[in-house]
Amino acid sequence: MPTPDPQVSKLLRAELQRQRDGLTLIASENIVSPAVLSAVGSVLTNKYSEGYPGRRYYGGNQVIDDVERLAIARAKKLFGAEHANVQPHAGAIANIAVFFTFLKPGDKILSMDLRAGGHLTHGLRINISGKYFSIIPYGVDANGYIDYREVARLAKQHRPKMIISGASAYPREIDFAQFGRIAQSVGAIHLADIAHIAGLVITGLHPSPIPHADVVTTTTHKTMRGPRGAIILCKKIHAAAIDRAVMPGIQGGPLDHVIAGKAQAFAEALKPEFRRYQKQVIKNAAVMAEVLQAHGLMLSTGGTDNHLMLADVRPLGLTGALAEKLLEDVGIYVNKNLIPNDPRPPLDPSGIRLGTPAVTSRGLKEKDIAVLSHAMVQHLTRPKNLSVKKQAAKTVAILTKKFPLYPTLK
Ligand SMILES: *Cc1c(COP(=O)(O)O)cnc(C)c1O
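Residues numbered from 1 in each chain as written. Predicted model: local features only at pLDDT ≥ 70, side-chain atom pairs only at ≥ 80, totals over all residues. Heavy atoms only, no water.

**With respect to the packing of aromatic side chains**
Next up, step 1: Counted according to the given criterion, the structure contains 5 aromatic pairs.
Next up, step 2: Here the aromatic rings of Y138 and F179 are separated by 5.6 Å at their centres, their planes lie at 45°, and the arrangement is tilted. Residue Y138 is found in strand β6 (residues 134–138), and its partner F179 is found in helix α7 (residues 176–186); the two are separated by 41 residues along the sequence. Assigned by exposure class, Y138 and F179 land together as buried. (Phe/Tyr/Trp six-rings, centres within 6.5 Å; stacked < 30°, edge-to-face > 60°. Helix = DSSP H or I, 4+ residues; strand = E, 2+ residues; numbered from the N terminus. Buried < 20%, exposed > 50% of the residue type's maximum accessible area, 1.4 Å probe, protein only.)

The structure is reproduced here in structure tokens:
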């Protein structure tokens, strides 16, 4: 058997070190348990299992069938869904599978404008969703909130085949019941994409779209805290069509090692600790929002109900890209992001997006978040002051030492 390549090993160690020494406030990232890591790094990566449990195109799938059945049963239980497909390799793929199930090229989709917080698979012009379908975007009002009357008006005017609810950068609760009613009133399929908020949904901290949507997609690696991947949940009547769309429609063999990681993450999510974790995520975000706003950053909608916030950094004389770089310099990771009605271009926007799922997994509580947030605003307010910068870096060093990451991993 070949031995580990020194260059790859070095890079893996370097990334572990970067994660240990830094604090991640990227809203879409999280930190999985060692058990999820080991499932994803397991021998299941050696298996081919095109098909579904009990009907595979390959032999030797007795164990794989049990793994996938376990993941399916747990996903259904977590979401209270009639059917779950746990094979999609990513959130983007799950959405394409749903489009492939219900739409023909040229059909109309009513979805959230990317500039307002939507996802690229909801109709970016250069994404397959924007190329193959006719996109009608809805935005947010002057305060940053979804305007449901506007969504209803656009639905009536354009009569789309599909309406997508869900976002990548929306700090408030989404009214899935309203979306469901609007979709029903025009005979549209309602797809709820809860990639970001799934962890809050399954713990009852955000209303569930399951009763109000024909189909629900979510990633498993954001607030769900599982391996990179996605699942599709739907009503029984759509089950066969969704399964066919995933395989053989757009995917070949499933990633069985990742499905084992999903089953492990779902087991973790079914425990009471997981609800306590999600509650802490929300509390931490609220504390961060308060400190940032007290120091001049302007948050879209004036705050947050969930795990993330969108901060306009122009009041500090910065751009999103500059703020991202300044924070990276002291080991704090965020991403530059458009803010609603942003006058600046997507690659050089006015804001940053911040989220608390990863730092909460690490163990930070309100007090630690307040300390971290203060260090951030001090550094962002006086970017040229070296002693302030040093102080911010020191705060990160103290916090990362207080909350060590994967202490037994080499
Ligand atoms: C992250 C995200 C996705 C895509 O997930 P990938 O796994 O990166 O493909 C889809 N929809 C929304 C709303 C997201 O935020």
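**Comments concerning α7**
Next up, step 1: Those residues of α7 lying buried are F176, A177, F179, G180, I182, A183 and V186.
Next up, step 2: Against the buried residues of α7 lie β6, α6 (148–158), β7 (162–165) and β8 (189–193).
Next up, step 3: Trailing α7 by a residue or two, G187 shows a phi angle of about 70°, which is positive. (Contact = heavy atoms within 4.5 Å.)

**Observations regarding the sheet that holds strand β12 (residues 308–312)**
Next up, step 1: The antiparallel open sheet is built from 4 strands, whose spatial order is β11-β12-β15-β14. Sheet topology places β11 (298–299) and β14 (335–337) at the edges, where each strand pairs with a single neighbour.
Next up, step 2: Pairing geometry for β12 and strand β15 (residues 351–355), over 5 bridges, is antiparallel. Bridging across to β15, M309 finds its partner in L354.
Next up, step 3: Where helix α11 (residues 272–294) meets the sheet, its contacts fall on β11, β12 and β15, and the angle it forms with β12 comes to roughly 10°. (Pairing = 2+ DSSP bridges. Axes fitted to C-alpha atoms, helices over the stretch in contact; angles between N-to-C directions.)

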